[in-house]
Number of protein chains: 2
Amino acid sequence: MNRLIERDQLIEEWLYEAAKISKKSFEQTISVEEKTTRTDLVTNIDKKIEQFFIEKISTYFPGERVLGEESSKYPFTDLKGTVWIIDPIDGTLNFVKQKSDFAIMIGIYENGIGYLGYVYDVMRDELYSAAKNQGAYLNGEQLERVEDIPLREGLVAISHRLMTNENSDEARRIGRASSGVRMIGSAGLETTRVATGKLVAYIGASLAPWDIAAGKIIAEELGLIYTQLNGEIIDMLCHNKTVVATPSAHKEIIKNFK
Amino acid sequence: MNRLIERDQLIEEWLYEAAKISKKSFEQTISVEEKTTRTDLVTNIDKKIEQFFIEKISTYFPGERVLGEESSKYPFTDLKGTVWIIDPIDGTLNFVKQKSDFAIMIGIYENGIGYLGYVYDVMRDELYSAAKNQGAYLNGEQLERVEDIPLREGLVAISHRLMTNENSDEARRIGRASSGVRMIGSAGLETTRVATGKLVAYIGASLAPWDIAAGKIIAEELGLIYTQLNGEIIDMLCHNKTVVATPSAHKEIIKNFK
């Protein structure tokens, strides 16, 4: 347990330091590159923050592996041992275009089981964290388990890709069945809004392990269900269509996608 | 000019006082009623804040008319004289479900011409204001004119109704032509995000005068274009399909809806 607290304190320090790097960048010109498409961006700041974490981890926890969004030189075929799953900036488009609504995220998995998760909403200074079986926290205050609100009575976040595709019938039907659709553009922030009861569900079109890892641990500690959109468990080694929701909303949503 | 400054100071005081009413309500149970549909809500707090403004205005500016969201006893057929157009809580669904992402809005029109506009983002403590031909401000700091970014390079907010309708082809096409869709669920906050360059456009499905009045004055002071979705000027006496955008994005969007 002492080792867990020590690890937790170190990670929080690193997150605050990484946040400073991200905020400081607003004073400079950020260098932006397109990855797979013109809306899949990476900046020098994403890379700098990921490198910062990799160096810290290799110094303090040598031998533990890092699966990071920007480190394509780390391809993974299993999650054996301790694996750090890192998104240096979740919501890079928001980071570039809005200078807000982005998060820094770390999930730590032991042989595939999540045991520590962190989503840091930098511009609101809101640090969401969770340890397996020990609850979830916002800036150190324990969060209450989420009320099981049905889809009809709640707001739902749906990813841009699902909502705007030619073939978006299911997504739009779910939108109409809810109280309203909200779109933030950061899987981490959308997941933490479900975790605090502001949304009843978040549906992602194609999330990578680093988009999922941290938020899933936090969500599950609060009684939420986080699966693939067809109801199957998340595969942490590839991209997934996802849904995280209250139990009632989850049941209703996966029914639409089966 | 002195009278304008005096009026501005009074309004700012009232807005901060109204914000306190809205925040204080989070400690109590808010009473929620459905208006036209289950997602068109009004709370006792909307009504209380509107009543607060009506009393202040009748005391300080007797004879000036008030067009308020919740005062259906004030039907208007013209905008002669000085008219206060008030939305006590813009984004009532967010207010109820998220306790954030709502705004208090006041626009003052003289014979149909907007001359003072206020959008107060309560939970972020961000007060956007503008006076005709005198620029727009955020918490007293003058805002820069918005850069003319094209649709392709910017994020765009689109209303829930347009995105989720059966017949949402144009909205989704615009979404795909942009960098990404964001949906906040408050016309005021979506407009001020365009005003600060975080979005290039906001498209509203059916906005009332109180959803439009304040934001339009702020947007126009910064070089943005605010019209109906078919390009015609806004009719401040009825509901409008709307677009507020940079000049380039505006041109591209109305082309799709003509």
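Residues numbered from 1 in each chain as written. Chains lettered and ligands numbered in written order. Predicted model: local features only at pLDDT ≥ 70, side-chain atom pairs only at ≥ 80, totals over all residues. Heavy atoms only, no water.

Caption draft 1: Molecular detail of the UniProt feature "binding site: Mg(2+) 1" (unreviewed entry) in chain A. Residue and element names in this part refer to chain A. In the UniProt entry, the feature "binding site: Mg(2+) 1" (unreviewed entry) is given for E69, D87, I89 and D211. Spanning 143 residues, the annotated positions come together in the fold, the maximum distance between their C-alpha atoms being 9.8 Å. Within the secondary structure, D87 is located in strand β4 (residues 82-90). Of the residues examined, D87 reaches a relative accessible area of 1% and is grouped as buried. Once you skip the residues sitting within four places of it in the chain, D87 turns out to touch E69, A103, I104, M105, W210 and D211. (UniProt positions renumbered as here; feature names shortened; annotations may be inferred. Helix = DSSP H or I, 4+ residues; strand = E, 2+ residues; numbered from the N terminus. Buried < 20%, exposed > 50% of the residue type's maximum accessible area, 1.4 Å probe, protein only. Contact = heavy atoms within 4.5 Å.)

Caption draft 2: Local environment of the packing of helix α5 (residues 169-177) of chain B against helix α8 (residues 247-257) of chain B. All names here are of chain B. Where α5 contacts α8, the two axes come as close as 10 Å, and the packing angle between them is 150°. Taken together, the axes of α5 and α8 are roughly antiparallel relative to one another. Judged by the twist between their axes, the crossing of α5 over α8 is right-handed. Taken together, the residues of α8 that come into contact with α5 (itself represented by E170, A171, R173 and I174) are I253, N256 and F257. (Axes fitted to C-alpha atoms, helices over the stretch in contact; angles between N-to-C directions. Parallel < 35°, antiparallel > 145°, perpendicular 65-115°, else oblique. Left-handed = near helix turned anticlockwise from the far one by under 90°.)

Caption draft 3: The side chain of B:S25, seen in detail. Here B:S25 shows up in the loop between α1 (2-24) and β1 (32-34). At 2.6 Å, the side chain of B:S25 forms a polar contact with the backbone oxygen of B:S22. (Polar contact = N/O pair within 3.5 Å; in protein donor to acceptor, adjacent residues only side chain to side chain.)

Caption draft 4: Quick look at the sheet that holds strand β8 (residues 136-138) of chain A. Residues and elements named next belong to chain A. Spatial strand order, β3-β4-β5-β6-β7-β8-β9: seven strands in an open sheet with mixed pairing. Of all strands in the sheet, those with a lone pairing partner are β3 (65-68) and β9 (141-142), marking the two edges. Against the sheet, helix α6 (residues 187-195) engages β4, β5 (103-110), β6 (113-121) and β7 (126-131), with an angle of about 100° to β6. Packing against the sheet, helix α7 (residues 209-221) makes contact with β3, β4, β5, β6, β7 and β8, and its axis sits at approximately 100° to β6. (Pairing = 2+ DSSP bridges.)

Caption draft 5: Broad picture of the interface of chain A and chain B. Contacts between the two partners involve 34 residues from chain A, matched on the other side by 34 residues from chain B. Between chain A and chain B the total buried area reaches about 3,000 Å² when both faces are included, carbon and sulfur atoms providing 42% of it. When residues of chain A are sorted by the area they lose upon contact with chain B, A:R38, A:Q98 and A:R182 head the list and together hold 21% of the total. Viewed at the interface, chain B and chain A are joined by four salt bridges. Close ionic contact of B:E166 with A:R176 constitutes a salt bridge, the shortest N to O distance being 3.1 Å. Counting every contact that joins chain A to chain B gives 31 residue pairs in polar contact (both at pLDDT 80 or more). Breaking the side of chain A that touches chain B down by element, the ones donating at least two residues are α3 (92-97), α4 (160-164), α5 (169-177) and β11 (180-182) of chain A. The leading source of residues in the side of chain A that touches chain B is α5(A), at four residues. (Buried area = accessible area lost by both parts, 1.4 Å probe. Salt bridge = Lys/Arg side-chain N within 4 Å of Asp/Glu carboxyl O.)

Caption draft 6: Summary view of the relation of the copies chain A and chain B. When chain A is fitted to chain B, the best match, at an RMSD of 0.0 Å, comes from turning it 180° and sliding it 0.0 Å along the axis. These values place the two chain copies in the arrangement generated by a two-fold rotation axis. In terms of C-alpha distance to the rotation axis, chain A has A:M183 as its closest residue, with the C-alpha 2.3 Å off the axis. With an isologous cut-off of 70% or more, the 100% of interface residues of chain A that recur at the interface of chain B puts this contact in the isologous class. (Least-squares fit on C-alpha atoms with pLDDT ≥ 70 in both.)

Caption draft 7: Region of interest: α6(A). All names here are of chain A. The buried fraction of α6 amounts to nine of the nine residues, a majority that puts the element mostly inside the structure. For α6, the complete set of buried residues consists of A187, G188, L189, E190, T191, T192, R193, V194 and A195. Looking one or two residues past α6, G197 carries a phi angle of roughly 80°, positive in sign.

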